[in-house]
Amino acid sequence: MSAVESLVLPARLHVDYSDAPLDALLAAKDTLAVIGFGGDAPRSDDPRYLRVALQPQGAAVFEHWRAHGPVSRGRENGVACSEDGALQFGAIEVEEHDHGIEAAATAAYARLRAFTAARGYPHLLRVWNYLDGITHGDGDAERYRIFCVGRARGLGEFDAQALPAATAIGHATGAQRLQVYWLAARTPGTPLENPRQISAYRYPRQYGPQPPSFARAMLPPGTAMPLLISGTAAIVGHESRHAGDVAAQLDETIANLESLIAAAHARRPDLPPQIGAGTRLKAYVRDRDELDVVAAGLRERLDPGVRFTVLHAAICRRELRVEIDGTHGVPA
């Protein structure tokens, strides 16, 4: 797959959930990526397809990313990627082996940074990180805290106020494998912070030696792309709220999402001012017994036009029971 040297196209991204067959989604010329969830997700060698080991609640759906098109695709040095001249989807999986999560995160992010720069998509907009046993270990030996150290080391010198939106979630497969996938662009987006929260990269020392390296959301370049929302939970300031109460945490999380969307609308008035039909959400739920509770709670609380999927996953703080990420403002 040779580097793209064509003129920069306007960035366009449409994200939705689909129950169409995988082959049909991959047959579309503008498909940038398809994400399948759970152990029953089909397999494919297409570089645009990624299986994520998080079991869905209810019927499984695919997350389908459509770009400006046409999309080129390939694999290079262990990186799967697809590009349309404006946007790049990429994915890396790194085995921990005997080196641990810090070394795996450092290696993954160093490769990510080099790969996106070499291919002409140096601006990270959005990153997802999935790792096993995310809250195993105590204090600074917790795996998420160690991951944050490795991620920062792999990123090298960076401007904290130019970090991408991101999610870091735990799976329970027992596979010591770090999975990282991303959306990058030829032109930069605008990171956004939440007025209700301290920026994650400014968290106090009590959360580990290296604050998490991400922005609360990203406004991508242009107006044909949705707001990209980071993993969002029941955190106000820097403190978790409503420990042990998933319903109250869900309410607080939605309040944080609404605050982010309002901040984005103030910067880009073409975005809808509230959660609605142009919003697509992924909810991650720690306790398997609460999957149905969260799904029902989202149906009760949100506009019926909001499409979402609910996944069984571990959140990066033990007291948090639910986390939500997604996109807002789906182009027509």
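Our structure is the block above this text.
Definitions and cut-offs
Residues numbered from 1 in each chain as written. Predicted model: local features only at pLDDT ≥ 70, side-chain atom pairs only at ≥ 80, totals over all residues. Heavy atoms only, no water. Pairing = 2+ DSSP bridges. Helix = DSSP H or I, 4+ residues; strand = E, 2+ residues; numbered from the N terminus. Axes fitted to C-alpha atoms, helices over the stretch in contact; angles between N-to-C directions. Contact = heavy atoms within 4.5 Å. Buried < 20%, exposed > 50% of the residue type's maximum accessible area, 1.4 Å probe, protein only. Arc of directions from axis to C-beta.

Visitor: What is the right way to look at the sheet that holds strand S9 (residues 165-171) in this model?
Guide: In a beta sheet, neighbouring strands are held together by backbone hydrogen bonds and run either parallel or antiparallel to one another. Read from one edge to the other, the open sheet built from 6 strands follows the order S5-S6-S7-S10-S8-S9, with strand pairing classed as mixed. In the strand order of this sheet, the two ends are held by strand S5 (72-76) and S9, each with one partner. Strand-to-strand, the axes of this sheet are offset by a mean angle of 15°, without reference to chain direction. Summarising the sheet, strand S8 (residues 123-132) and strand S10 (residues 177-185) pair through 7 bridges and their orientation is antiparallel. Its bridge partner being in S10, His123 is matched across the sheet by Ala185. Against the sheet, helix H2 (residues 100-118) engages S5, strand S6 (79-83), strand S7 (87-95), S8 and S10, with an angle of about 25° to S10.

Visitor: Would you mind going over helix H5 (residues 291-301) with me for this structure?
Guide: An α-helix turns once per 3.6 residues; consequently, residues spaced three or four apart project the same way. Listed in full, the buried residues belonging to H5 are Leu291, Val294, Ala295, Gly297 and Leu298. Looking straight down H5, one finds its buried side chains confined to an arc of 160°; they lie on one side. Exposed side of H5, more than 90 degrees from the buried face: Asp292, Arg299 and Glu300 are the residues found there. Contacts from the buried residues of H5 go to helix H4 (246-267), strand S16 (279-285), strand S17 (307-312) and strand S18 (322-328).

Visitor: What is the right way to read the sheet that holds strand S11 (residues 190-192) from this model?
Guide: Within the open sheet, the 6 strands sit side by side as S11-S12-S13-S18-S16-S17. Their pairing is mixed. The open sheet terminates on both sides in strands that have one partner only, identified here as S11 and S17. Neighbouring strand axes in the sheet, compared pairwise and without regard to direction, differ in orientation by 15° on average. Sitting on the sheet, H4 is in contact with S11, strand S12 (217-219), strand S13 (227-232) and S18, with an inclination near 150° to S13. Helix-sheet contacts for H5 involve S16, S17 and S18, and the interaxial angle to S17 is about 165°.

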